[in-house]
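This is what each chain is made of:
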Amino acid sequence: MDIDTRLLRYFAVVAEEGHLTRAAERLFIAQPSLSKQIKQLENQLGMELFERSRTGMELTRAGRELHQEVPALLASWDALLNAARSAASSEARLLRVGFVASAANESTQRIVAEFARRRPGWRVHMRQTEWTDPTAGLASGDADVGLLRLPFPGQEALQIETLITEDRWIALPASHRLAGEPVVEFRDLFDEPFVATPEESGWWREYWLASDEREGHPVRIGTVAHNPDEWLTAIANGYGISLTPEATARFYQRPDVVYRPVSGVSPSQVGVAWPKSGGDNPAVRDFVRCCFQVRDESRDA
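Residues numbered from 1 in each chain as written. Predicted model: local features only at pLDDT ≥ 70, side-chain atom pairs only at ≥ 80, totals over all residues. Heavy atoms only, no water.

A. The packing of helix α1 (residues 5–17) against helix α3 (residues 31–45), seen in detail. At a minimum axis separation of 9 Å, α1 and α3 run at an interaxial angle of 110°. Considered as vectors, α1 and α3 are oriented roughly perpendicular to each other. The interaxial crossing formed by α1 with α3 has left-handed handedness. For the pair α1 and α3, the contacting residues are R6, L7, L8, Y10, F11 and V14 in the first and L34, Q37, I38, Q40, L41 and Q44 in the second. Across the contact of α1 with α3, the residue classes break down as 8 nonpolar, 3 polar and 1 charged. (Axes fitted to C-alpha atoms, helices over the stretch in contact; angles between N-to-C directions. Helix = DSSP H or I, 4+ residues; strand = E, 2+ residues; numbered from the N terminus. Parallel < 35°, antiparallel > 145°, perpendicular 65-115°, else oblique. Left-handed = near helix turned anticlockwise from the far one by under 90°. Contact = heavy atoms within 4.5 Å. Nonpolar A, V, L, I, M, F, W, Y, C, P; charged D, E, K, R; others polar.)

Below you can see the structure in the form of structure tokens.
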């Protein structure tokens, strides 16, 4: 019997969390979809793996037996797959770098240029994903390394080094009552509708809504955006406002959207992230070294 390893990964996360909602957030998929995938696995195996209740998902005896072996099985498969990808990358001389938006800001081009200097003939493919996946393909294996906004769900499974720390600003429609203020107090925005990332992005969504920094005030969500273009259009049309990294004011300029510094919220960070097993890939190691070099040169400048 052949079983899709994706289904086994879903099973492992649900088993660890004991709850569909939390597992769906970790996996960046919708809860109904995850429930269907677990049912599909049970149908293929011909056995029930979970006892479902209002309080969560409890492993059956068969589920416990399977869960004892699945993590080691997946780890072995990941190691084999990473070795194959490393060989394929070396043969194609291609490194896949995932990012969500703005990557490492202005340092991105310098990092890529330094990598090209270290590895002549190699090409860096910058792979942008939608906000449903804050890991930008690292979780799925579609990227070798990532330049990502910290923090994000799933980062505990990766190697991460911080490259940049910058303030979070607020993006407003040009007609907004606070658009002319030099600095906006975050508490003055508590009752405003916000543009949110999709629910599948997990607690990354809550971070960019600053849910923990609202002094108990609930979040009002005006609309949901999946990528920068949707996000900018929603703000320009007055559906909501949004916290955003300071660099966004430089990378995503529009005449109908303004950016202002905002006080009362913590800063944002950019990091380089790669799979823990990815350290065996010489190209990944070189790219990470390039990130460190550019970071250190920027600090010394």
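B. Region of the structure containing the nonpolar core. Ranked by size, the top nonpolar core spans 43 residues in total, and within it I170, F186, L189, F194, W231, L243 and Y259 carry the most contacts. Elements supplying a minimum of two residues to this core: β5 (145–150), β7 (168–173), β9 (193–196), α6 (203–208), α7 (228–236) and β12 (257–263). Those residues in contact with Y259, other than ones at most four positions away along the chain, are W169, I170, A171, W231, L232, T244, T248, A249 and Y252. With 23 residues, the next largest nonpolar core counts L95, V145, A283 and V294 among its residues. (Core = buried A, V, L, I, M, F, W, Y, C linked by side-chain atoms within 4.5 Å. Buried < 20%, exposed > 50% of the residue type's maximum accessible area, 1.4 Å probe, protein only.)

C. Fine view of helix α2 (residues 20–27). Residues L20, A23, A24 and L27 constitute the buried set of α2. An end-on view of α2 places all buried positions within 100° of arc, on one side of the element. Of the surrounding elements, those touching the buried residues of α2 are α1, α3 and β2 (56–59). Just downstream of α2 lies F28, where phi reads positive at about 60°. (Arc of directions from axis to C-beta.)

D. Up close: the state of the cysteines. Counted under the stated rule, the structure contains 0 disulfides. Left without a disulfide partner, C290 is nearest to the cysteine sulfur of C291, which lies 7.0 Å away. On the basis of relative accessible area, C291 is assigned to the buried category, the value being 1%. (Disulfide = S-S within 2.5 Å.)

E. Spotlight on the sheet that holds strand β3 (residues 94–99). Reading across the sheet, the 5 strands line up as β4-β3-β5-β13-β6 and stay open at both edges, with mixed pairing between neighbours. The sheet is open, and its two edges are formed by β4 (123–128) and β6 (158–166), each paired on a single side. Mean inter-strand twist for the sheet, computed between neighbouring axes without regard to direction, equals 25°. One ladder, built from 8 bridges, connects β6 with strand β13 (residues 268–275); its direction is antiparallel. Counterpart to L158 in the pairing with β13 is P275. Strands in contact with helix α9 (residues 282–300) are β3, β5, β6 and β13; relative to β6, the strand with the most contacts, it is inclined by about 25°. (Pairing = 2+ DSSP bridges.)

F. A look at the sheet that holds β12. Pairing in this open sheet of 4 strands is mixed, and the strands run β8-β12-β7-β11 from one edge to the other. Looking along the sheet, the strands with just one partner apiece sit at the ends: β8 (184–185) and β11 (242–245). Pairing of β7 with β12, which is carried by 5 bridges, proceeds in the antiparallel orientation. Residue pairing across strands places A171 opposite Y259, the latter belonging to β12.

G. Spotlight on the side chain of R149. Position of R149 relative to the elements: it lies in strand β5. For R149, a relative accessible area of 8% gives the class buried. Of note is the side chain of R149, whose polar atom sits 3.2 Å from the side chain of N105. (Polar contact = N/O pair within 3.5 Å; in protein donor to acceptor, adjacent residues only side chain to side chain.)

H. Representation of the packing of aromatic side chains within the structure. In total, this model carries 7 aromatic pairs according to the counting rule given. Pairing F11 with F50 gives two aromatic rings, centres 5.6 Å apart and planes at 55°, and the pair type is tilted. Of this pair, F11 sits in helix α1 while F50 sits in strand β1 (residues 50–53), and the two are 39 residues apart along the sequence. Note on accessibility: F11 and F50 belong to one class, buried. Relative to F190, the ring of F186 lies with its centre 5.4 Å away and its plane at 90°, an arrangement referred to as edge-to-face. (Phe/Tyr/Trp six-rings, centres within 6.5 Å; stacked < 30°, edge-to-face > 60°.)

I. Local environment of unusual backbone geometry. In this structure, the amide linkage connecting L150 to the following residue, P151, adopts the cis form with an omega of -5°. By the element assignment, P151 lies in the loop between β5 and β6.

J. Highlighting the side chain of E166. Within the fold, E166 resides in strand β6. Among the polar contacts listed, one links the side chain of E166 to the side chain of N105, at a separation of 3.3 Å. In this structure the side chain of E166 is engaged in a polar contact, spanning 2.6 Å, whose partner is the side chain of R149. With sequence-adjacent residues up to four places away left out, E166 is seen in contact with N105, R149, P245, E246, A247, P267, S268 and V270.

Bear in mind that shape data such as this cannot, by itself, settle questions of function.
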